[in-house]
Amino acid sequence: MLKIFLKMKEQYIKTEMEYPANFWMMLFSGVLTRILGMAAPFVIYSNLPDIAGWKKDEIYLILSFLFIAEGLCSVLFQGIWEMPGMVFDGKFDCILSRPISPLFQVLSYGMGLQGISVFLTGAVCLPVFLKRIGAFHIAGAAVSLFLIVCGTLLCMSVYLLGNSVVFWFDAGGRTTVPYAMSSIGQYAKYPVEIYPRAMQIVLLFLVPYAFIGVIPVEILRGALSWEWCLAPAAVSVCFFLLARAVFYRGIRRYESVGM
């Protein structure tokens with residue numbers, strides 16, 4: 001299965017490389033948007049010494065984890081965002097007619113070019129800011145890698161859960177639920193302590209983006225013990241199982257073209 005998955009991604013890259021100018025423009029735009037996004041903490045910290053006890057380098061480390069997770073999801077699992085279009089165009093019929101897992105097919109479908117540059121931006125920034133907070137060592141690197149895997153799985157699960165609601169909508173392929181969930185997740189670029197209690201609950205339990213960036217940095221900066229590494233793992237696995245269940249429950253409602 002892994003071999004098939006990687007082979008499909010290879011073919012998508014070859015397809016996109018037929019238009020080199022578009023390929024490099026997408027990569028450049030991905031880097032540029034993330035660099036501009038990192039300018040906001042710079043401006044804030046030019047006027048404030050810290051935010052709820054968090055230093056600038058720690059905020060940048062949160063962004064690094066988020067960039068890596070979002071970039072990997074875009075490169076590896078872009079098909080999730082194509083699912084609403086497939087459902088309402090009837091292309092999902094092809095998914096169901098093949099003798100292979102529908103979820104596997106959706107995850108392996110397509111590739112987001114900007115995700116490559118987003119991932120690379122995060123991958124370059126991560127060791128820099130790990131070093132600046134004093135967590136650039138073997139244990140810190142190993143924990144970071146583990147938390148990246150958990151964060152990527154969680155990010156993918158949130159996308160899958162949000163897009164799976166399309167099976168319950170008849171709106172010409174348009175549903176704002178996944179975009180709303182993704183937008184809420186953007187608030188996790190900053191420590192959850194700065195938000196009202198209701199928003200903290202949302203970022204920790206309903207759209208748990210805090211487990212992608214904030215909680216990992218809490219662990220790496222020593223505010224939480226190493227045992228807390230189990231929390232992102234547990235949340236990511238639970239959310240994946242939930243998203244998978246909703247996805248397959250939605251398939252049972254699928255009525256082909258004209259639903």
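Remember, it's a predicted structure, so these values are computed and weren't measured experimentally.

**Student:** Help me understand the overall build of the chain, please; the structure alone is not making it clear to me.
**Tutor:** The helix and strand tally for the chain stands at 13 helices and 0 strands. Its C-alpha atoms give the chain a radius of gyration of 19 Å, near enough to 18 Å, the size a compact globule of 259 residues would have. Split into buried and exposed, the 259 residues of the chain put 49% on the buried side. A fraction of 77% describes how many contacts in the chain between residues 6 or more apart in sequence connect residues 24 or more apart. Positive and negative side-chain charges of the chain, numbering 19 and 15 respectively, have mean locations separated by a distance of 2 Å.

**Student:** How should I be thinking about the packing of aromatic side chains in this particular structure?
**Tutor:** Given two aromatic rings, one states the distance between the centres and the angle between the planes to describe the pair. Under the counting rule described, the total for this entry stands at 10 aromatic pairs. Positioned above the aromatic ring of W54, the side-chain terminus of R221 is 3.9 Å from the ring centre.

**Student:** Explain a nonpolar patch on the surface here, please?
**Tutor:** Residues F28, L32 and L36 make up a contiguous nonpolar surface patch of about 320 Å² in total accessible area. Following the sequence through the fold, L36 ends up in helix 2 (residues 20–37).

**Student:** Just checking my understanding: could you explain the side chain of S182 for this structure?
**Tutor:** Take S182: it is sitting in helix 10 (residues 177–185). Leaving out residues up to four positions away in the same chain, S182 has contacts with W81, Y159 and Y209.

**Student:** Would you mind showing me how to read the packing of helix 5 (residues 79–89) against helix 9 (residues 138–164) here?
**Tutor:** Pairs of packed helices are described in terms of their axes, by the angle between the two and the distance that separates them. Remark: helix 5 packs on helix 9, axes separated minimally by 9 Å, with the N-to-C direction vectors making an angle of 5°. Viewed along their axes, helix 5 and helix 9 adopt a mutual orientation that is roughly parallel. Mapping the contact onto sequence places I80, W81, M83 and P84 in helix 5 and M156, Y159, L160, N163 and S164 in helix 9. Taken together, the residues that form the contact of helix 5 with helix 9 break down as 7 nonpolar, 2 polar and no charged.

**Student:** Teacher, can you tell me more about the packing of helix 9 against helix 13 (residues 230–251) here?
**Tutor:** At a minimum axis distance of 8 Å, the contact between helix 9 and helix 13 shows a crossing angle of 25°. Taken together, the axes of helix 9 and helix 13 lie roughly parallel to each other. The two elements helix 9 and helix 13 meet at a crossing, and its hand is left-handed. Of the residues in helix 13, those touching helix 9 at F146, L147, C150, L153, L154, M156, S157, V158, L160, L161 and S164 are P232, A233, V235, S236, V237, F239, F240, L242, A243, R244, V246 and F247. Class assignment of the residues belonging to the contact of helix 9 with helix 13 gives a composition of 19 nonpolar, 3 polar and 1 charged.

**Student:** Hey, could you run me through the side chain of S144 in this one?
**Tutor:** Tracing the sequence through the fold places S144 in helix 9. You can call S144 buried: its relative accessible area is 2%. A polar contact of 2.7 Å, which involves the side chain of S144, links it to the backbone oxygen of G140. What S144 contacts, discounting residues up to four positions off in sequence, is F65, L126, L130 and L220.

**Student:** For this particular structure, what's the right way to read the layout of surface pockets?
**Tutor:** One water molecule sets the probe size; rolling that probe over the atoms shows where empty space is left. Estimates place the volume of the largest pocket at around 460 Å³. As for the largest pocket, its lining consists of 23 residues, and the residues nearest its centre are R34, E70, Q114, V118 and Y159. For the lining of the largest pocket, the secondary-structure elements that each account for two or more residues are helix 2, helix 4 (56–76) and helix 8 (113–132). Among the residues making up the lining of the largest pocket, the classes are represented as 10 nonpolar, 10 polar and 3 charged. Its boundaries defined by the atoms lining it, the second largest pocket holds a volume of some 190 Å³.

Conventions adopted
Residues numbered from 1 in each chain as written. Predicted model: local features only at pLDDT ≥ 70, side-chain atom pairs only at ≥ 80, totals over all residues. Heavy atoms only, no water. Helix = DSSP H or I, 4+ residues; strand = E, 2+ residues; numbered from the N terminus. Rg over C-alpha atoms; globule rule 2.2 N^0.38 Å. Buried < 20%, exposed > 50% of the residue type's maximum accessible area, 1.4 Å probe, protein only. Contact = heavy atoms within 4.5 Å. Lys, Arg positive; Asp, Glu negative; His and termini not counted. Charge placed at Lys NZ, Arg CZ, Asp CG, Glu CD. Phe/Tyr/Trp six-rings, centres within 6.5 Å; stacked < 30°, edge-to-face > 60°. Lys NZ or Arg CZ within 6 Å of the ring centre and 35° of its normal. Patch = residues over 30% accessible without salt bridge, like charges linked within 9 Å, V, L, I, M, F, W, Y side chains within 5 Å. Areas by Shrake-Rupley, 256 points an atom, 1.4 Å probe, with all protein chains shown as cover. Salt bridge = Lys/Arg side-chain N within 4 Å of Asp/Glu carboxyl O. Axes fitted to C-alpha atoms, helices over the stretch in contact; angles between N-to-C directions. Parallel < 35°, antiparallel > 145°, perpendicular 65-115°, else oblique. Nonpolar A, V, L, I, M, F, W, Y, C, P; charged D, E, K, R; others polar. Left-handed = near helix turned anticlockwise from the far one by under 90°. Polar contact = N/O pair within 3.5 Å; in protein donor to acceptor, adjacent residues only side chain to side chain. 1 Å grid on protein atoms, 1.4 Å probe; cavity = no way out; pocket = protein on both sides within 12 Å on 5 of 7 lines; lining within 4 Å. Points joined across faces, edges and corners; volume = space filled by probe spheres on them.

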